[in-house]
Amino acid sequence: MEPSETLQTLYTAPVEQADGTYQITVPDREIASRTLAEGETYRIALISTATSHTETTAPDSDHGVDQDEQQQKADSPPVTEGEHRDVEIEHLGDQGDGIAKVEHGYVVIVPDTTVGDRVTVEIQQVRENVAFAEVVDRHPPSR
């Protein structure tokens, strides 16, 4: 599944039951960063993170990783500053910069690229919903 170009945010949250309804909690950082606004209505998509039935019904408590730590890791950007990544430019942004997507649809903005470019980038700056990178190597187009 290809994420929509109008994707505003991506995060992991459990579906919880409360007073006969089911709710998904929006992290405070989404409101604080003005990605979402309180009182507005948004279209959402739910994507299962389960890879098997046993994983969703019988968590393994012997791993020693608590649920808060797992949630924090899932909410963290999937890239780090200084990291090198091979990416393919999928779109051009409003400013003409290349846009690549990595895990979970996380956006990486790469100047001086065009749609279809395959490049190795160095991540320069990481934010909650987007990273900025510079090209360190260009790869020949795949055929």
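Reading the values: the criteria
- Residues numbered from 1 in each chain as written.
- Predicted model: local features only at pLDDT ≥ 70, side-chain atom pairs only at ≥ 80, totals over all residues.
- Heavy atoms only, no water.
- Pairing = 2+ DSSP bridges.
- Helix = DSSP H or I, 4+ residues; strand = E, 2+ residues; numbered from the N terminus.
- Buried < 20%, exposed > 50% of the residue type's maximum accessible area, 1.4 Å probe, protein only.
- Polar contact = N/O pair within 3.5 Å; in protein donor to acceptor, adjacent residues only side chain to side chain.
- Contact = heavy atoms within 4.5 Å.

Enquirer: Looking at this model, I keep getting lost on the sheet that holds strand 8 (residues 130-139). Mind explaining?
Expert: Neighbouring strands of a sheet are bound in pairs by backbone hydrogen bonds; such pairs are parallel or else antiparallel. Overall, mixed pairing links the six strands, which are arranged 3-7-8-6-5-4 in an open sheet. With partners counted over all chains shown, the strands left at the sheet margins are strand 3 (84-88) and strand 4 (91-92), one partner each. Pairing analysis gives five bridges linking strand 3 to strand 7 (residues 118-126), with the strands arranged antiparallel. From the neighbouring strand, Glu 88 faces strand 7, where its bridge partner is Arg 118.

Enquirer: How should the side chain of Thr 113 be read in this particular structure?
Expert: Relative to the elements of secondary structure, Thr 113 occurs in the loop between strand 6 (107-110) and strand 7. On the accessibility criterion, Thr 113 (8% relative accessible area) is buried. From its side chain, Thr 113 meets the backbone nitrogen of Gly 98 in a polar contact 3.4 Å long. Of note is the side chain of Thr 113, whose polar atom sits 2.7 Å from the backbone oxygen of Val 110. When neighbours within four sequence positions are excluded, Thr 113 is seen to be in contact with Ile 89, Leu 92, Gly 96, Gly 98, Val 119, Val 135 and Arg 138.

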